[in-house]
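# What the coordinates show
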Amino acid sequence: MHPSRWLDDRIDTVTRTTMPIFGLRLAVAAAIAALAVVTLGRDVGFLWLLAAASAEVGTWITTRRTRRGLRQTLGQRLAYLAAVFWMNIVWSGLGVVLWLDGRAACVAAAVCMLATQMLHAQVFASRSPAVLLAVAVPPVASLAALVLFATPGGWSEQALLSGAAAIMVAYMTRAGLTNAGHLREQEEAQAKAEQSAQAKARLLADMSHELRTPLTSILGFTRMIAQQDDCGTLTRSYLDRVEDASNALLCAVNDILDFSKLEAGQLILAAEEVEAAGLARRTLDLLTPQAAAKDLRLALESDLPAGLRLMVDPDRLRQVLLNLLGNAVKFTPAGEVVLAAAYDPETARLTFSVRDTGPGIPPERLDALFKRFSQVGAAGSRIGGTGLGLAICKGLVEAMGGEIGVESQPGAGSRFWFSVPAPAVLQEPVADAGEGGEQEAAPLAGLRVLVVDDHPANRELASLFLGGFGAEVHLADGGEAALDACAAGPFDLLLLDQQMPGLDGPETLRRLRRAKAAPPVVLAFTADPNEVRGRSGWGALVHGVVAKPIDPVAMLTTILQALDAGAASCARATAT
């Protein structure tokens, strides 16, 4: 084995394991020194304490980078091994002094001390061969020297003690090698599990992309047909069914993907300033059509101060609220669904609860609600969905540092609640963007937009919606075509697909920026908006995200906000 293999990251692993007991080691050394003063004399006790303290200080100094969460350099690892070796020489030296004292109690104490060092080597240091040698060599060498050269009596006594010592060292060595083998197996199994989880997450992400792409076309063109003047009532009802089924399939795809990310530990949270009361109201409004179809009353009981802005992930917060509200509307045959919101400035926690007048949930089923594939419908009933919704809610809330729970009684409705940390943000008042009359019919008139997507249906849908808002739309089927288009003429806005063959979205944008040909406003065009945050540097390159399937209103809102932000940035640059 090459020497550098002995000085690898496994040494850092040992330091992270042993440094938390640094204080305990100092206390034990002080106690042993006190006993040495009583047993062996003041000079021996104080001299040993000084040597032990120097060794502990050496290990403390040589592990500074590890304590800061950094990797140690090769020189620092060598210095750490030297400090560990010196420490074990000090402890073994005390064992030698006790043995040579000759008293039975001192000899027994010496054997115990040397055996403890060997146990320490095989229990704590077996992750690294280099540390194992630094810890084990001093006590083993000391014991061998004492048995061979300092054993009183004849050859029979020396043979007996030599045999016993050899058995002890052999068994401890075997235990150390066994522990090291088990640790390697655990590390290899963990590495394989992590690779498997990553592969599964990547596969699910690819499957999700492949499923969302046709769903984008189905939903988009369904909406376009439904808006035609010659679309009859019967045809419109069929289109509504197609749209409902497509949305249900999209929700199932999203649930499976989100749950796989939670299981793989790959969920990405992005806190930003959120106007909490507005988010609650807008989320509740999304359920208005479903509630109206069942004559349910939707109500918001908010104790949130007007204009309160909090730092929280709005997408994940909205996802949890929509899931809880959607369940409440689905399972409440009559009455009301109430969303309550409150904020505690002392603890900086935001709390939501969803209360309904539904049939309630039996007590014996409450514990299973937040487990995967658990559904809250009445026993024996067939309900839609994947059964992952509440499990995802629990995972999201806990990932945000919060907690979630439920209170319910059969026949008395249910109350689902969750609380998450959300620090308040001081915000200067801004003018209402809605002031100044109704929105113009062509809000994007005169705007030159380049849509880049490798899927023809996505390009066509984006062109239809953007053209309907008055934009001048140009199309490109990939990264190379986008580079050529931007070089040929300037654009005001770039709608750029993230996942494309050849040049993907991030690399295309980097090349445009290097060539100084990128439009002033760039929006990511993706089926997974949260993935944009996870791509290294990708989220910081764009001014916003347009999600697939396309929601025309959401797309227009994102574009207008990005254009306003870009104009404000240019104004600040000009003023500077």
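Quantities reported herein were computed from a predicted structural model and do not represent experimental measurements. (Residues numbered from 1 in each chain as written. Predicted model: local features only at pLDDT ≥ 70, side-chain atom pairs only at ≥ 80, totals over all residues. Heavy atoms only, no water.)

## Considerations on helix α6 (residues 74-101)
Helix length check: α6, at 28 residues, gives a terminal C-alpha distance of 41 Å against a target of 40 Å (1.5 Å per residue), a fit within 8%. Of the residues trailing α6, Gly102 is marked for its positive phi of about 95°. (Helix = DSSP H or I, 4+ residues; strand = E, 2+ residues; numbered from the N terminus. Expected span 1.5 Å × (residues − 1).)

## Details of the nonpolar core
With 46 residues, the main nonpolar core has Leu350, Phe352 and Phe418 as its most contacted residues. Breaking this core down by element, the ones donating at least two residues are α11 (276-285), β3 (309-312), α13 (314-331), β4 (336-344), β5 (349-356), α15 (389-399), β6 (403-408) and β7 (414-421). Among residues more than four places away in sequence, those in contact with Leu350 are Leu304, Leu310, Leu317, Ala342, Tyr343, Phe418, Ser419, Val420 and Ala422. (Core = buried A, V, L, I, M, F, W, Y, C linked by side-chain atoms within 4.5 Å. Buried < 20%, exposed > 50% of the residue type's maximum accessible area, 1.4 Å probe, protein only. Contact = heavy atoms within 4.5 Å.)

## Here we look at the packing of aromatic side chains
The geometry of two aromatic rings is summed up by the distance between their centres and the angle between their planes. The final tally for this structure, using the stated rule, is four aromatic pairs. Each ring, one from Phe22 and one from Trp60, has its centre 4.8 Å from the other, and the planes form 35°; the classification is tilted. In this pair, Phe22 is assigned in helix α3 (residues 22-40) and Trp60 in helix α4 (residues 42-61), connecting sequence segments 38 residues apart. With relative accessibility at 14%, the residue Phe22 sits in the buried group. A ring pair is formed by Phe370 and Phe416, whose centres lie 6.3 Å apart and whose planes are at 75°; its orientation type is edge-to-face. Taken as a pair, Phe370 in the loop between α14 (363-366) and α15 and Phe416 in strand β7 lie far apart in primary sequence, 46 residues in all. According to the relative accessible area criterion, Phe370 is buried, its value standing at 14%. (Phe/Tyr/Trp six-rings, centres within 6.5 Å; stacked < 30°, edge-to-face > 60°.)

## Digging into unusual backbone geometry
In this chain, Lys548 is followed by Pro549 through a cis amide linkage whose omega measures -5°. Note on placement: Pro549 falls in the loop between β13 (544-547) and α21 (552-575). The residue Asp295 is not glycine, and still its phi comes out positive at about 55°. Note on placement: Asp295 falls in the loop between α12 (288-293) and β2 (297-302).

## Description of the pattern of salt bridges
For the structure on display, the rule yields 16 salt bridges. One salt bridge in this structure joins Asp12 and Arg77, with 3.0 Å as the shortest N-O distance. On the criterion of sequence distance, the pair formed by Asp12 in helix α2 (residues 10-18) and Arg77 in helix α6 is long-range, its members being 65 residues apart. For the pair formed by Asp12 and Arg77, the shared burial category is buried. (Salt bridge = Lys/Arg side-chain N within 4 Å of Asp/Glu carboxyl O.)

## Structural notes on the packing of α2 against α6
Look at α2 against α6: their axes get within 11 Å of each other, and the N-to-C directions meet at 50°. Considering their axes alone, α2 and α6 lie oblique with respect to each other. In this structure, α2 crosses over α6, and the sense of that crossing is left-handed. Of the residues in α6, those touching α2 at Ile11, Asp12, Val14, Thr15 and Thr18 are Arg77, Tyr80 and Leu81. For the contact of α2 with α6, a count of residues per class yields four nonpolar, two polar and two charged. (Axes fitted to C-alpha atoms, helices over the stretch in contact; angles between N-to-C directions. Parallel < 35°, antiparallel > 145°, perpendicular 65-115°, else oblique. Left-handed = near helix turned anticlockwise from the far one by under 90°. Nonpolar A, V, L, I, M, F, W, Y, C, P; charged D, E, K, R; others polar.)

## Focus: helix α18 (residues 505-514)
Residues spaced three or four apart along an α-helix face the same direction, because each turn holds 3.6 residues. Within α18, the full set of buried residues consists of Gly505, Pro506, Thr508, Leu509 and Leu512. Viewed along the axis of α18, the buried residues span an arc of 160°, placing them on a single side of the element. Backbone nitrogen of Glu507 and a side-chain oxygen of the N-cap are separated by 3.1 Å at the start of α18; the cap is Asp504. Directly after α18, the chain includes Lys516, whose backbone phi takes a positive value near 55°. (Arc of directions from axis to C-beta. Polar contact = N/O pair within 3.5 Å; in protein donor to acceptor, adjacent residues only side chain to side chain.)

## Some remarks on the sheet that holds β7
Ordered in space as β2-β4-β5-β7-β6, the five strands form an open sheet in which the pairing is mixed. Two strands bound the open sheet, and with one partner strand each, they are β2 and β6. Adjacent strand axes in the sheet meet at a mean angle of 15° when their direction is disregarded. Of the pairings in the sheet, the one linking β4 to β5 comprises eight bridges and is antiparallel in character. Along β5, the bridge assignment pairs Val337 with Asp356. The strands touched by α11 are β2, β4 and β5; relative to β2, the strand with the most contacts, the crossing angle is about 170°. (Pairing = 2+ DSSP bridges.)

## Focus: the sheet that holds strand β12 (residues 521-526)
Ordered in space as β10-β9-β11-β12-β13, the five strands form an open sheet in which the pairing is parallel. In this open sheet, the two edge strands, each paired with only one partner strand, are β10 (472-476) and β13. Going from strand to strand, the sheet's axes swing by 25° on average, the running direction of each strand aside. As paired elements, strand β9 (residues 448-452) and β10 share five bridges and run parallel to each other. What sits directly across from Val452, in β10, is Ala476. Of the strands in this sheet, β9, β10, β11 (493-497) and β12 are in contact with helix α16 (residues 456-468), which crosses β10 at around 170°. Here α18 sits on the sheet and contacts β11 and β12; the angle it forms with β11, its principal contact strand, is near 145°.

## Some points on the environment of Thr63
Note that Thr63 resides in the loop between α4 and α5 (64-67). When the C-alpha atoms of Thr63 and Tyr80 are compared, they prove to be 7.0 Å apart, with 17 residues separating the residues in sequence. Residue contacts for Thr63: discarding those within four places in its chain leaves Thr15, Met19, Gln72 and Tyr80. Among the polar contacts made by the side chain of Thr63, one reaches the main-chain carbonyl oxygen of Trp60 at a distance of 3.2 Å. A distance of 2.9 Å separates the side chain of Thr63 from the side chain of Arg67, its partner in a polar contact.

## Describing the pairing of β4
Summarising the sheet, β2 and β4 pair through six bridges and their orientation is parallel. The residue of β4 that forms the bridge with Leu300 is Leu339. Count of turn residues in the β4/β5 antiparallel hairpin: four residues, of which Ala348 carries a positive phi of about 55°.

## Digging into the confidence of the model for the protein
For the protein, the average pLDDT comes to 82, and 87% of its residues sit at 70 or higher. Every residue in residues 378-384 is under pLDDT 50, and counting partners more than four places away or in other chains gives eight contacts. Across residues 429-439 the pLDDT falls below 50, and counting only partners more than four positions away or on other chains, this stretch makes two contacts in the model. (pLDDT = per-residue confidence, 0-100.)

## Remarks on a nonpolar patch on the surface
A cluster of nonpolar side chains, Phe85, Trp86, Ile89, Leu133 and Val137, forms an exposed patch at the surface whose accessible area comes to about 410 Å². Within the residue set of the nonpolar patch, elements represented by two or more residues are α6 and α8 (129-149). In terms of residue count, α6 provides more of the nonpolar patch than any other element does, three residues in total. Here Val137 lies in helix α8. Of the residues examined, Val137 reaches a relative accessible area of 38% and is grouped as partly exposed. (Patch = residues over 30% accessible without salt bridge, like charges linked within 9 Å, V, L, I, M, F, W, Y side chains within 5 Å. Areas by Shrake-Rupley, 256 points an atom, 1.4 Å probe, with all protein chains shown as cover.)

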